[in-house]
Amino acid sequence: MSTIVRDMLNMAETQLKNAGCAAPGHDAEAIYMHIFAVDKLGLFKIWGQPISEKDADLYFAAIEKRAARIPLQHIIGSAEFMGIAFNVNEEVLIPRSDTEILVESVLGDVQAVATTGRNFRILDLCCGSGVIGLSLAANLPDCRVVLADISEAAVGLARANLAKIAGGAGNAGGVGGGDGGIGNGGRGNGKRGAGAATPALKKVALKQGDLLAPFKGRFRTEKFDIIATNPPYIPSAEIAALEPEVSEHEPKLALDGGPDGLAFYRRILREAPPHLRPGGKLYMEIGAPQAAEIKQLAAETDFYESEIRIIKDLAGHDRVAILALKTSKPETSKKRKPEKAQKP
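Source: prediction; values computed, not measured.

1. Brief notes about the overall build of the protein chain
When helices and strands are tallied, the protein chain shows 12 helices and 9 strands. Looking at the 344 residues of the protein chain, the share that counts as buried comes to 51%. Across the protein chain, every contact between residues at least 6 apart in sequence was considered, and the portion connecting residues at least 24 apart equals 72%. Of the accessible surface of the protein chain, which amounts to about 16800 Å², a share of 53% is contributed by carbon and sulfur atoms.

Okay, structure coming up:
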């Protein structure tokens, strides 16, 4: 007697649950939909149909990978973010829904100044697969967006995602979602996505280099209205304790924020001001307990306004810090010249 699709999915769910996967039912369905190119409705329609032994073997080979805690997104090769399906691999951080808070914050601020913000220059620093910069470019057609990363592999993947989305092939097909880890996967709401070809994406530029080094010329420093970044911010000693999907399969280069998790913030806070136009802003994703330390580090530079906006994520944790460049340099106290004694 042949096994039907529903029973096979139930067996896969049990296997993934026993392996410690956080969302076994979701993952079992997502892998099936990816392998056999069906959407959720298509899966429902074949729920009671028998499956061949050959197809079952193909399916369970992928389930074995997931049971070994290889991330779902690495198995299916993509992750949904802001309603767009981005290619991902082991060379880049898997996009999290927390980072959508950063993108939404930039979009809200730029669209609130529709006239003056039309020609903003925006930099996605530490771009990884490009989810921040490409999502912004897809929704802000009048802005010029640049993506940069130190990893050649990351820049190459971001370039591939740019070509994919600019050609109209980036609309998420409903697989998306996450493996549990530390919040993997998009919210799946599909809002602000880029389903059709977006001409604005053809203006996107990509550069490789260490943080802002690619934008320092001999005679000219490139400047931006907005720098948005999701840098590595996990303390080095904490990485090993993360879920295996993260600690064993995501690049340390994209995770390790140094002994206290603040190494990249120190550099960015110091190095960003020369690359911000007057009135420019720095948007940084931060770890939940890091807001107070970020404020202190920013104050020590004396480059930013004292009021720093902190945006919380859906779980109520501090997630995004927004810093505005000071509009004028701080005044320095001048020593008074001693008055000359008057002649009697």
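2. Things to note about the pattern of salt bridges
Summed over the entire model, instances satisfying the criterion amount to 18 salt bridges. Here K312 makes a salt bridge to D318, at a shortest N to O gap of 2.7 Å. Put simply, D313 and R319 hold a salt bridge, and the shortest N to O gap is 3.0 Å. We note that D313, like R319, is buried. Taken together, the salt bridges that share partners define one network made up of D27, R66, R69, E243 and E245.

3. Quick word on the pairing of strand 9 (residues 318-324)
Burial within strand 9 is extensive, with 6 of its 7 residues counted as buried. As paired strands, strand 8 (residues 309-312) and strand 9 are joined by 4 bridges and run antiparallel to one another. Bridge pairing in strand 9 places I311 opposite V320. Hairpin connection between strand 8 and strand 9: a loop of 5 residues separates the two successive antiparallel strands, and G316 in this loop has a positive phi of roughly 90°.

4. A few points about the sheet that holds strand 9
One open sheet holds the 7 strands; their spatial order is 5-4-3-6-7-9-8, and the pairing between them is mixed. This sheet does not close on itself; its edge strands, each paired only once, are strand 5 (205-208) and strand 8. Across this sheet, the average inter-strand angle for adjacent strands is 20°, counted without regard to direction. Sheet topology note: the strand 6 (residues 224-229)/strand 7 (residues 276-285) ladder contains 5 bridges and is parallel. Each bridged residue has a counterpart across the sheet, and for F224 the counterpart in strand 7 is L276. Strands in contact with helix 6 (residues 98-112) are strand 6, strand 7, strand 8 and strand 9; relative to strand 7, the strand with the most contacts, it is inclined by about 155°. In the packing of helix 12 (residues 291-301) onto the sheet, the strands contacted are strand 7, strand 8 and strand 9, and the crossing angle to strand 9 comes to about 15°.

5. Let's talk about the packing of aromatic side chains
Under the definition given, this model contains 6 aromatic pairs. For the pair Y32 and F36, a centre-to-centre distance of 4.5 Å together with 45° between the ring planes defines the contact as tilted. Judged by its relative accessible area of 5%, Y32 is buried. Ring plane angle 65° and centroid distance 5.8 Å describe the contact between Y32 and Y59, whose orientation is recorded as edge-to-face. Taken together, the positions of Y32 in helix 2 (residues 24-35) and Y59 in helix 4 (residues 53-67) put the pair 27 residues apart, joining distant regions of the chain. A residue is classified by how much of its surface remains accessible, and Y59, at 0% relative accessible area, is buried. Connected via pairs of aromatic rings, a cluster forms that spans Y32, F36, Y59 and F60.

6. A look at the side chain of D313
Topologically, D313 is positioned in the loop between strand 8 and strand 9. Look past the residues within four positions of D313 in its chain and what remains in contact with it is D98, I101 and R319.

7. Points about the packing of helix 6 against helix 7 (residues 131-139)
Where helix 6 meets helix 7, the axes come as close as 10 Å, and the angle between the chain directions of the two elements is 35°. Seen along the crossing, helix 6 lies across helix 7 with a hand that is right-handed. Together, T99, L102, V103, V106, L107 and Q111 of helix 6 and I132, S135, L136 and N139 of helix 7 make up the contact between the two elements. Considered class by class, the residues forming the contact of helix 6 with helix 7 number 6 nonpolar, 4 polar and no charged.

8. Points about the confidence of the model for the protein chain
Averaged over the protein chain, the pLDDT score is 88; the fraction of residues at 70 or greater is 84%. Considering only residues more than four positions removed or in separate chains, one finds that residues 173-190, a stretch of pLDDT under 50, has 60 contacts.

9. Here we look at unusual backbone geometry
A positive phi angle, close to 55°, is found at A37, a residue other than glycine. Tracing the backbone through its elements, the reader meets A37 in the loop between helix 2 and helix 3 (40-45). When its relative accessible area of 68% is taken as the criterion, A37 is described as exposed. If you check the backbone angles, L211 has positive phi at about 45° while not being a glycine.

The rules behind these values
- Residues numbered from 1 in each chain as written.
- Predicted model: local features only at pLDDT ≥ 70, side-chain atom pairs only at ≥ 80, totals over all residues.
- Heavy atoms only, no water.
- Helix = DSSP H or I, 4+ residues; strand = E, 2+ residues; numbered from the N terminus.
- Buried < 20%, exposed > 50% of the residue type's maximum accessible area, 1.4 Å probe, protein only.
- Contact = heavy atoms within 4.5 Å.
- Areas by Shrake-Rupley, 256 points an atom, 1.4 Å probe, with all protein chains shown as cover.
- Salt bridge = Lys/Arg side-chain N within 4 Å of Asp/Glu carboxyl O.
- Pairing = 2+ DSSP bridges.
- Axes fitted to C-alpha atoms, helices over the stretch in contact; angles between N-to-C directions.
- Phe/Tyr/Trp six-rings, centres within 6.5 Å; stacked < 30°, edge-to-face > 60°.
- Left-handed = near helix turned anticlockwise from the far one by under 90°.
- Nonpolar A, V, L, I, M, F, W, Y, C, P; charged D, E, K, R; others polar.
- pLDDT = per-residue confidence, 0-100.

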